[in-house]
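Now for the letters of each chain:
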Amino acid sequence: MLKLFIYFYIILSLDANELVLARLENIMSNEKQKFGIENYTFECQAYGVLALETLYYKSKRNSICQKSIDAFYKRYPKKEYFVNFILKDKQLYHIQNKEDGCVVYAKGQITLSELLLKEGLAIKKPIFKDEEFQDYYTAAQRKAKMQKKGLWGTNIFTSCVPEL
């Protein structure tokens, strides 16, 4: 009975946008990770951003966008696995479920989405309107753009965004 209560608590907490502690089970990409609470596992997609992986898979096959991203990762191979250097397997992280992704607090109050934006490994979603995170994401993206980090130092932005 207690396990059933815990299971429903987890589901309700994830649906209610509450902050919960979850154990990192697997890093699937910079944009997507698998977390667990008790025996329940779920996938989290970075909230409010479009990572290079999304830009890659949403663009046409063999497009300039895909070729630009391939060239970027070839030049900077560690950037393809950036999250592996930030998050640690089996570690507990605060997670907040949102309707179109998860907010993963990777370094204290700094979210994983912010870190991706600061590295130029993601762009803020064009229609992103969350008052809680809007300013943080805008500042992180602006900083990467000014420093020409990641996609801002290449032609990825100009070749991928029109395809979206």
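The rules we used
- Residues numbered from 1 in each chain as written.
- Predicted model: local features only at pLDDT ≥ 70, side-chain atom pairs only at ≥ 80, totals over all residues.
- Heavy atoms only, no water.
- Disulfide = S-S within 2.5 Å.
- Helix = DSSP H or I, 4+ residues; strand = E, 2+ residues; numbered from the N terminus.
- Buried < 20%, exposed > 50% of the residue type's maximum accessible area, 1.4 Å probe, protein only.
- Core = buried A, V, L, I, M, F, W, Y, C linked by side-chain atoms within 4.5 Å.
- Contact = heavy atoms within 4.5 Å.
- Expected span 1.5 Å × (residues − 1).
- Arc of directions from axis to C-beta.

(A) Local environment of the state of the cysteines. The tally for this structure, following the rule as stated, stands at two disulfides. The disulfide that involves C44 links it to C102, with 2.3 Å between the sulfurs. Handedness of the C44-C102 disulfide follows from its S-S torsion of about -70 degrees: it is left-handed. Taken as a pair, C44 in strand β3 (residues 40–45) and C102 in strand β6 (residues 101–107) lie far apart in primary sequence, 58 residues in all. Comparing C44 with C102, the two get one shared label, buried. A sulfur-sulfur distance of 1.8 Å marks the disulfide that ties C65 to C160. Measuring handedness by torsion sign, the sulfur bridge of C65 and C160 sits at about 95 degrees and is right-handed.

(B) Structural detail: the nonpolar core. Residues F35, L52, I69, L87 and I95 are the most contacted members of the largest nonpolar core, which totals 47 residues. With five residues, the top contributor of residues to this core is β6. In this structure I95 touches E18, L19, V20, A22, F35, F42, C44, C102, V103 and V104, once residues within four positions along its chain are discounted.

(C) How the structure looks around unusual backbone geometry. Although it is not a glycine, E38 sits at a positive phi angle of roughly 55 degrees. With respect to the helices, strands and loops of the structure, E38 is situated in the loop between β2 (32–37) and β3.

(D) Layout of helix α6 (residues 134–146). Here α6 is 13 residues long and its end C-alpha atoms lie 18 Å apart, about the 18 Å a rise of 1.5 Å per residue gives. Within the sequence span of α6, burial applies to Y137, A140, Q141 and A144. All buried residues of α6 lie within an arc of 95 degrees about the axis, which places them on one face of the element. Facing away from the buried side of α6 by more than 90 degrees, the exposed set consists of D135 and M146.

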